[in-house]
Amino acid sequence: MELFLREVREIIGGVLHGDGDTRITGVGGLRHAREGDLAFVKDFKYYPEAHLTSASALVTPEKIDLPKPQIVTENPYEAFIRFLQRVAEEKKLVIEGVHRTAVVEEGVKLGPGVGLGAHVVISAGAAIGAGTIIYPNTTIGLGSRIGDECVIYSNVSIREQVRIGDRVIIHGCTVIGADGFGFLWDGEEENIKIPQVGTVRIDDDVEIGACCTIDRAALDATWIQRGVKMDNHCHIGHNAVIGERCILVAYAKVGGSTILGRRVVLGEDVGVTNNITIGDRARIGGGSRVYRSVPAGARFWGSPAKHLAEEKRVQASLRKLPWLRKKLVELLKKSDQ
Amino acid sequence: MELFLREVREIIGGVLHGDGDTRITGVGGLRHAREGDLAFVKDFKYYPEAHLTSASALVTPEKIDLPKPQIVTENPYEAFIRFLQRVAEEKKLVIEGVHRTAVVEEGVKLGPGVGLGAHVVISAGAAIGAGTIIYPNTTIGLGSRIGDECVIYSNVSIREQVRIGDRVIIHGCTVIGADGFGFLWDGEEENIKIPQVGTVRIDDDVEIGACCTIDRAALDATWIQRGVKMDNHCHIGHNAVIGERCILVAYAKVGGSTILGRRVVLGEDVGVTNNITIGDRARIGGGSRVYRSVPAGARFWGSPAKHLAEEKRVQASLRKLPWLRKKLVELLKKSDQ
Amino acid sequence: MELFLREVREIIGGVLHGDGDTRITGVGGLRHAREGDLAFVKDFKYYPEAHLTSASALVTPEKIDLPKPQIVTENPYEAFIRFLQRVAEEKKLVIEGVHRTAVVEEGVKLGPGVGLGAHVVISAGAAIGAGTIIYPNTTIGLGSRIGDECVIYSNVSIREQVRIGDRVIIHGCTVIGADGFGFLWDGEEENIKIPQVGTVRIDDDVEIGACCTIDRAALDATWIQRGVKMDNHCHIGHNAVIGERCILVAYAKVGGSTILGRRVVLGEDVGVTNNITIGDRARIGGGSRVYRSVPAGARFWGSPAKHLAEEKRVQASLRKLPWLRKKLVELLKKSDQ
C-alpha cells in the first residue's frame, strides 16, 4: 500500500491540515505506529499519546497543536475504520481458481470466481456460490450449499446437507453440522444414540469465529439468522435458533432448542441452558449461567443469572458478608446474655 | 426415503389408524414438519401443536381426534427414535474404498470395508479396523490403532500410538493424544517440559464431540472407558480415567490424573480439578467447579461444588442477602442505642 | 528403547543399588508399570505403592528396603524427568523431507532439515526455519514466518503474515491469526466489521495447546512473549500481550488489548476482561473472572476476582449463610417483641 495523504482524505472525508503529499504506507495504533503509518486520535484523552507517536499522519477530532499532518473529522474512529476497510480490500487474499490438489467430487456446482485452496475437499452434490473463497485443508460435506462471496478459512469441517447464505465468514477449525448431543437411556445398560437427521441453516452476513461448533438438529434445522456475529470457541446446540444480529462473545454456549431473539448480546463465557427463550435485545453479562427465560430488553448477570441490578446488589453485599457474619455473632452473644 | 405408513408401522410397532398407504418421505418436529413428514406427539401437552402440524402422519400415545393417520404406541418418543435410526441408516454416508488422494504410509493395516476420504493421512504402522470410515482431511498418527466400525469425521487430529476401540465416533476438529500439560519450574528461569511419553486408550462405543481434546498421559495412558459420551469442547487431562458410560456435557473438563467412576454425569461447563475421584453415578450440575472428591451417587452443584441441597440453600439465601444486610444494620443501630 | 540400569544411572546421576545389568525397556507410574519399566518414588508417601509395583527398577530418594534395584538420588522426580527427556528424544517422531503430497507454493523458503508431512500447505512467500517439523494437514498462510526447530502438529491453521520464533510447539487444531472480534454498530441496522489488519507475534520457546485461538490484532500485533506455556482451549484476544513465561491453564481466556506481565499464572478456565493489566507474577485461581487490573505479585480468586484471602473469607461465610439468615430472622422476631 502506498497512498498520498490527500488520497486518504478522499477516502475517509474530513479536512486536511498539513502536507497532502505525505506518503502513507501502513496503519498503526498511536503507541506502536511507525514512520509511514496513519494513526487516529479518538478523543482528547489520547492527546498525550499523539504527541509521542511515530506515525506520519493522524486522523483527529480537531486540529491538534502538533507538527504532523492531520485529517480532522467529527468521528476519527469511524473514519479510520473506513480507511481500514480500504486497506483490507487491498490486502485481500484472493485465491484464484481451483488449486490442482483440491478435490471436487461429482455433481458439485461451482459458481463463477470460486477460489479453492490446496487440499480443499468439496464432497459430491455440494454447491459453492459465486466469488466464495475456501482456504486450504477445509472440508465441505455431501450436498452442502454455500452461498456467494463467502470466506471459509482453513481446516474448517462442514458436514453434509448444511445450508449457508451469502457473505458468511467462517474462521479456522470450526465445525458446522456435527451431530447434536442426544442419547436415550435404555433403562438398563446403554445410552442409545438419537440419530440427528436434521441440518444447520446459516443466513446471510453471519460471521463465525475459530474453533466454534454449531450442531445439526435432531429434526428440522439449527438456525443462525442474518447478521449474527460469533466470536471464537462458541457452541450452538441442536435445534437452537439464534436471532438476527445477535452478538455472541467468546465461549458463549447456547443449549439445545433454545431460542434467542433479535440483537441479543451474550457476553464472554455465558452459558444458556436448553429449551428456554431469550427475548429481543436482552443482554447477558460475561460469565453468567442462564437457567430461565429472559424477557426482551432485560439485562441479566450472574450464576444463576438475575436482573443486573439485583445481581449487583448481591455482589456488593457479598463482599460485606464476613463483616455481617461477625456482627451477627456479636449480636447473638449480646442477645443471649 | 419413501415408505408407506404401514411399512413405518412394521418398523416401530403399534396400532395403525387411518390410511396405511400414506407416503412418508421425511421426519420433522410438530412445528416445522412438512407434508410427507412423520412427526410424533410425546404426550397430551403436545395435542394443541398436533392440531396445527403439517405432518402427514403422527406417532401418538392414544388415538387423537384428528383427521390424520396415526400410529398409536405406548411410548411415541422411543418408537420415533427407532424410526430415526432407520432413517439414519438409509441416509448413512458411506465412503467406499480409499480415495485416490488419501495417503496410506508403509506398514499400515486396513481392515475389509475401510473407507478413507480425500486427503486422509494414515501414518506408518497404524491399523484401521473393518468397516471404519474416516472423513476427509483427518490425520491418524504413527502406529495408532483404530477398531472396527468406527466413524471419524473430517479434520480430526489423532496423534501417534493411540488405541481406539470398536464403534467409536469422533466428531470434527477433535484432537486425541496431544501432549499433557506438564512443566517443571527449574527454580530460576525456565519451565522445563515434562515429556509426555504415555498414550490414550479409548474403549468401545465411545462418542466424542467436536473440538474436544483428550491429552496423552505423561506415563501410562489416559483412559476413556466403554460407552462414554462426550459433547463438544470437552477436555480430558493427562492420565485421567473416565469410567464406563459417563456422560460429559459440552465444555466439561477433567484435570490430570482425576478418576471418574461409572455413569458419572458432568453437566455443561463443569470443571473437575486434578488428582481427585468422582464416585460412581455422581451427578455434577452445570457450571460447577469441583475441588474435592465426590462420593458415589452424590449430587453436587456450585463453585466450589457442594451437595446439591446445600448449594440450593446457599443460593436461596444469597438472593435475600441485600435484605439481610439491611436488617442487620438496623438491628445494630438499635442495639447501639 | 533398551538400556542397562547402569546406563540409566549415567543419564540421571545418583547412586546405584542392585544389579546394574537390569534391562530397562520402558517407563511407567508405580501403579501401572510393567516388567522392564523404570518407575520413580517421589517421597515416603509412595513407599507402600513401591512395594506393590511391577516395575523392574526404581528411582528413590533413599535406599528402600525392597528386593528391587534402585537409583538413589536427592530429587527422584527431577531425575526421572531427565530420563523421560532421553526417552522422548529416542521416541521423537521425525518427519524427513517434504512429503510428495505437501504443497509448497512459490517464493517459500525452507531451511535445512525441514520436515513437512502429507498434505501440509505452505502458502506463497512463507518461510520455515531449519529443523522445523510440520505434521500432516496443517496450513501455513501467506507470508508467515516460522522459526527454527519448531514442532507444529496436525490440522493446525496458521493465517497469513504471522511471525513465530524458534523452538515453538503448537498442538493440533489450533488457530493462529484469525480475525479479532471487532464490530462497530452503525447506529441503525448493522454491525460493521472492523478489519483486522494487524498480525500475531509469537516469541521463542512458546508452547500452545490443542484447540487454542490467538487472534490477529486490529492494528499492530497480538504478542505472545518468550517461554509462555498455554494449555488446550485457550483464547487470546486481539492486541493482547502475554508476558514472558506466563502459564495459562486450559480454557484461560484473555480479552482484547489486555496485558499480562511476566510469569503470570492463569488457572483453569480463568477469564480476563479486555483492556486491563495483570502485574508480573500475579496468580489467578481457577474459574475466576477478572474485571479489573491486578497488581504485581497478587493472588486473586473468584468472580469477580478479589484478593485470595478476601475471597476465601467470603466463601467460608457463604456456607454459613443459611444459618446466618435463620439466626437473623430469629433476632428480628425477638427485637420486634
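Residues numbered from 1 in each chain as written. Chains lettered and ligands numbered in written order. Predicted model: local features only at pLDDT ≥ 70, side-chain atom pairs only at ≥ 80, totals over all residues. Heavy atoms only, no water.

**A short note on the interface of chain B and chain C**
Taken together, the contact pairs 66 residues of chain B with 62 residues of chain C. Between chain B and chain C lies a buried interface of about 5,100 Å² when both sides are counted; carbon and sulfur atoms form 63% of it. The three residues of chain B that bury the most area against chain C are F181, V197 and L219 of chain B, which together make up 12% of that side's buried surface. Applying the counting criterion to the chain B and chain C interface returns six salt bridges. Joining chain B to chain C, the criterion identifies 22 residue pairs in polar contact (both at pLDDT 80 or more). Only β20 (175-179), β21 (183-185), β22 (191-193), β25 (213-216) and α4 (308-336) of chain B provide two or more residues apiece to the side of chain B that touches chain C. Ranked by the residues each element gives to the side of chain B that touches chain C, the list is headed by α4 of chain B, at 14 residues. Tallied by class, residues from the side of chain B that touches chain C come to 32 nonpolar, 15 polar and 19 charged. (Contact = heavy atoms within 4.5 Å. Buried area = accessible area lost by both parts, 1.4 Å probe. Salt bridge = Lys/Arg side-chain N within 4 Å of Asp/Glu carboxyl O. Polar contact = N/O pair within 3.5 Å; in protein donor to acceptor, adjacent residues only side chain to side chain. Helix = DSSP H or I, 4+ residues; strand = E, 2+ residues; numbered from the N terminus. Nonpolar A, V, L, I, M, F, W, Y, C, P; charged D, E, K, R; others polar.)

**Examining the confidence of the model for chain A**
Confidence along chain A averages 94 in pLDDT terms, with 100% of residues attaining 70 or more. Reported confidences for the modelled complex are a pTM of 0.94 and an ipTM of 0.92. (pLDDT = per-residue confidence, 0-100.)

**Let's talk about the pairing of strand β6 (residues 57-60) of chain C**
All names here are of chain C. The alternating pattern of β6 places A57 and V59 and L58 and T60 on opposite faces, both of which are buried. Here strand β5 (residues 37-40) pairs with β6 via three bridges, running parallel. Note on β6: the bridge partner recorded for F40 is V59. Since β5 and β6 lie parallel, the crossover through helix α2 (residues 47-52) that links them has a hand, and here it is right-handed. (Buried < 20%, exposed > 50% of the residue type's maximum accessible area, 1.4 Å probe, protein only. Pairing = 2+ DSSP bridges. Right-handed = clockwise from strand over helix to strand, strands pointing away.)

**So, the relation of the copies chain A and chain C**
Superposition of chain A onto chain C requires a rotation of 120 degrees combined with a translation of 0.0 Å along the rotation axis, giving an RMSD of 0.1 Å. Each copy turns onto its partner about a three-fold axis. (Least-squares fit on C-alpha atoms with pLDDT ≥ 70 in both.)

**Section: the relation of the copies chain B and chain C**
After a rotation of 120 degrees and a shift along the axis of 0.0 Å, chain B superposes on chain C with an RMSD of 0.1 Å. Here only 20% of the interface residues in chain B have copies in chain C that are interface residues too; the copies meet through unlike faces.

**Comments concerning the environment of L331 of chain A**
Along the chain, L331 of chain A turns up in helix α4 (residues 308-336). Overall, the relative accessible area of 8% leaves L331 of chain A in the buried class. The spatial distance from the C-alpha of L331 of chain A to the C-alpha of E78 of chain A is 59 Å, given a sequence separation of 253 residues. Sequence-distant contacts of L331 of chain A, defined by excluding residues within four places in its chain, comprise L328, L331, L332 and S335 of chain B together with L331 of chain C.

**Observations regarding the interface of chain A and chain C**
Across the contact, 62 residues belong to chain A and 66 residues belong to chain C. Surface buried jointly by chain A and chain C totals about 5,100 Å² across both partners, of which 63% is contributed by carbon and sulfur atoms. Where chain A meets chain C, there are six salt bridges. One salt bridge in this structure joins E310 of chain C and R319 of chain A, with 3.1 Å as the shortest N-O distance. Counting the contacts that link chain A with chain C gives 22 residue pairs in polar contact (both at pLDDT 80 or more). Every element with two or more residues in the side of chain A that touches chain C is listed here: α3 (76-91), β27 (229-230), β30 (247-248) and α4 of chain A.

**Some points on the sheet that holds strand β30 (residues 247-248) of chain B**
Residue and element names in this part refer to chain B. The strand order across the open sheet formed by eleven strands is β10-β13-β16-β19-β24-β27-β30-β33-β36-β38-β39, and the pairing between neighbours is mixed. The open sheet has two free edges, formed respectively by β10 (115-116) and β39 (306-307), since each of these has just one partner strand. Across two bridges, the pairing between strand β19 (residues 169-170) and strand β24 (residues 207-208) is parallel. Across the sheet, residue I169 finds its bridge partner in β24, namely E207.

**A short note on unusual backbone geometry**
Here S303 of chain B and P304 of chain B are connected by a cis peptide whose omega angle stands at -5 degrees. Even without a glycine there, the phi angle at D205 of chain A is positive, about 60 degrees. One non-glycine residue with positive phi stands out, namely C211 of chain B, at about 55 degrees. Relative to the assigned elements, C211 of chain B resides in the loop between β24 and β25.

**Overview of the pattern of salt bridges**
Close approach of charged atoms allows side chains of opposite charge to pair. Taken as a whole and assessed by the stated rule, the structure comprises 69 salt bridges over all chains. One continuous salt-bridge network, built from bridges that share partners, spans K253, E268, D269 and R289 of chain A, K253, E268, D269 and R289 of chain B together with K253, E268, D269 and R289 of chain C.

**Notes on the packing of aromatic side chains**
Counted according to the given criterion, the structure contains 15 aromatic pairs over all chains. The interplanar angle of 75 degrees and the centroid separation of 5.1 Å between the aromatic rings of F181 of chain C and F183 of chain C together place this pair among those described as edge-to-face. On the accessibility criterion, F183 of chain C (18% relative accessible area) is buried. These aromatic residues form a ring-pair network of at least three members: F40, Y77 and F80 of chain A. The ring of Y153 of chain C has R159 of chain B sitting right over it, with the charged end atom 3.9 Å from the ring centre. (Phe/Tyr/Trp six-rings, centres within 6.5 Å; stacked < 30°, edge-to-face > 60°. Lys NZ or Arg CZ within 6 Å of the ring centre and 35° of its normal.)

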